[in-house]
Amino acid sequence: MEQLYGLPEQELIIRHICVEGWDYIGQWSGVNLRYFLERIGADLTAKYVSFKCADDYYGSIDMATALHPQTQLSLRYADELLPPKYGYPMKLRIPTKLGFKNPKHIAAIFVTNEYPGGYWEDKGYNWFSGS
């Protein structure tokens, strides 16, 4: 986490849209996911990026979404260290996707060519889930 906190951060004020019908606008700060993936030498030609979370949640996105300039590994909310209710130590923020595509409490990130599924997608929700 110390290394992540040392990387350049971007601030986004974006809308979170939940499939349950509610939404809100928040201020998120963190590391651009594309920058992070490039920095660690990930294969950017792979099809998917998958996330495993400390709360047993898991999810995945296509590489094009991962490389979107507003896709962010959020480390802060409203200029404060990300609180547990918002996903400490980090949360994925994707303004082009519905809320369930934004996993919290990220513990591991995988780049793969094999479809990794997702918690809700494996229960029948649409995998792409754009907002």
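Right above here is the structure, for reference.
To start, this report covers the structure provided alongside it. Given the structure is predicted, the values throughout are model-derived calculations rather than measurements.

Here we come to the overall build of the protein. Within the protein, the regular secondary structure consists of 3 helices and 8 strands. For 131 residues, the compact-globule estimate of 2.2 N^0.38 gives 14 Å, and the protein sits close to it at 14 Å. For the protein, the C-alpha atoms occupy an extent of roughly 40 × 35 × 25 Å along the three principal directions. In the protein, which comprises 131 residues, the proportion classed as buried is 47%. Long-range pairs, those at least 24 residues apart, make up 60% of the contacts in the protein between residues at least 6 apart in sequence. Of the roughly 6900 Å² of accessible surface on the protein, a fraction of 52% belongs to carbon and sulfur atoms. When the 13 positive and 15 negative side-chain charges of the protein are each reduced to one mean point, those points stand 3 Å apart.

Taken in spatial order, the 3 strands line up as β4-β3-β8 in an open sheet, and their pairing is antiparallel. Each edge of the sheet is formed by a strand with only one pairing partner; in this case those strands are β4 (58-62) and β8 (106-112). For this sheet, the mean inter-axis angle between neighbouring strands, taken without regard to orientation, is 20°. Across 6 bridges, the pairing between strand β3 (residues 48-53) and β8 is antiparallel. Following the sheet pairing, Cys53 is matched in β8 by Ile106.

Moving on to the pattern of salt bridges. Evaluated as defined, the whole model comprises 4 salt bridges. As a salt-bridge pair, Glu9 and Arg76 come within 3.3 Å of each other at their nearest N and O atoms. Of this pair, Glu9 sits in the loop between α1 (2-5) and β1 (10-17) while Arg76 sits in strand β5 (residues 72-77); the two residues are 67 residues apart in sequence, bridging distant segments of the chain. Between Asp23 and Arg15 there is a salt bridge whose closest N-O contact spans 2.5 Å.

By the element assignment, Gln10 lies in strand β1. Within the structure, the side chain of Gln10 is placed 3.5 Å from the side chain of Asn32, a separation counted as a polar contact. Apart from residues no more than four positions distant in its own chain, Gln10 is found in contact with Trp28, Ser29, Gly30, Val31, Asn32, Pro69, Thr71 and Gln72.

Taken together, the side chains of Val19, Trp120 and Tyr125 make up a nonpolar region of the molecular surface, amounting to roughly 260 Å² of accessible area. Of note, Val19 is situated in the loop between β1 and β2 (23-32). We classify Val19 as partly exposed; its relative accessible area is 42%.

What follows is about unusual backbone geometry. A cis geometry characterises the amide bond from Tyr88 onward to Pro89, with omega recorded as 10°. Relative to the helices and strands, Pro89 is located in the loop between β6 (80-81) and β7 (91-93). In the Ramachandran plot, Ala78 falls in the positive-phi region, its phi being about 50° despite a non-glycine side chain. Examined against the element boundaries, Ala78 turns out to sit in the loop between β5 and β6.

So, how was this worked out
- Residues numbered from 1 in each chain as written.
- Predicted model: local features only at pLDDT ≥ 70, side-chain atom pairs only at ≥ 80, totals over all residues.
- Heavy atoms only, no water.
- Helix = DSSP H or I, 4+ residues; strand = E, 2+ residues; numbered from the N terminus.
- Rg over C-alpha atoms; globule rule 2.2 N^0.38 Å.
- Buried < 20%, exposed > 50% of the residue type's maximum accessible area, 1.4 Å probe, protein only.
- Contact = heavy atoms within 4.5 Å.
- Areas by Shrake-Rupley, 256 points an atom, 1.4 Å probe, with all protein chains shown as cover.
- Lys, Arg positive; Asp, Glu negative; His and termini not counted.
- Charge placed at Lys NZ, Arg CZ, Asp CG, Glu CD.
- Pairing = 2+ DSSP bridges.
- Axes fitted to C-alpha atoms, helices over the stretch in contact; angles between N-to-C directions.
- Salt bridge = Lys/Arg side-chain N within 4 Å of Asp/Glu carboxyl O.
- Polar contact = N/O pair within 3.5 Å; in protein donor to acceptor, adjacent residues only side chain to side chain.
- Patch = residues over 30% accessible without salt bridge, like charges linked within 9 Å, V, L, I, M, F, W, Y side chains within 5 Å.

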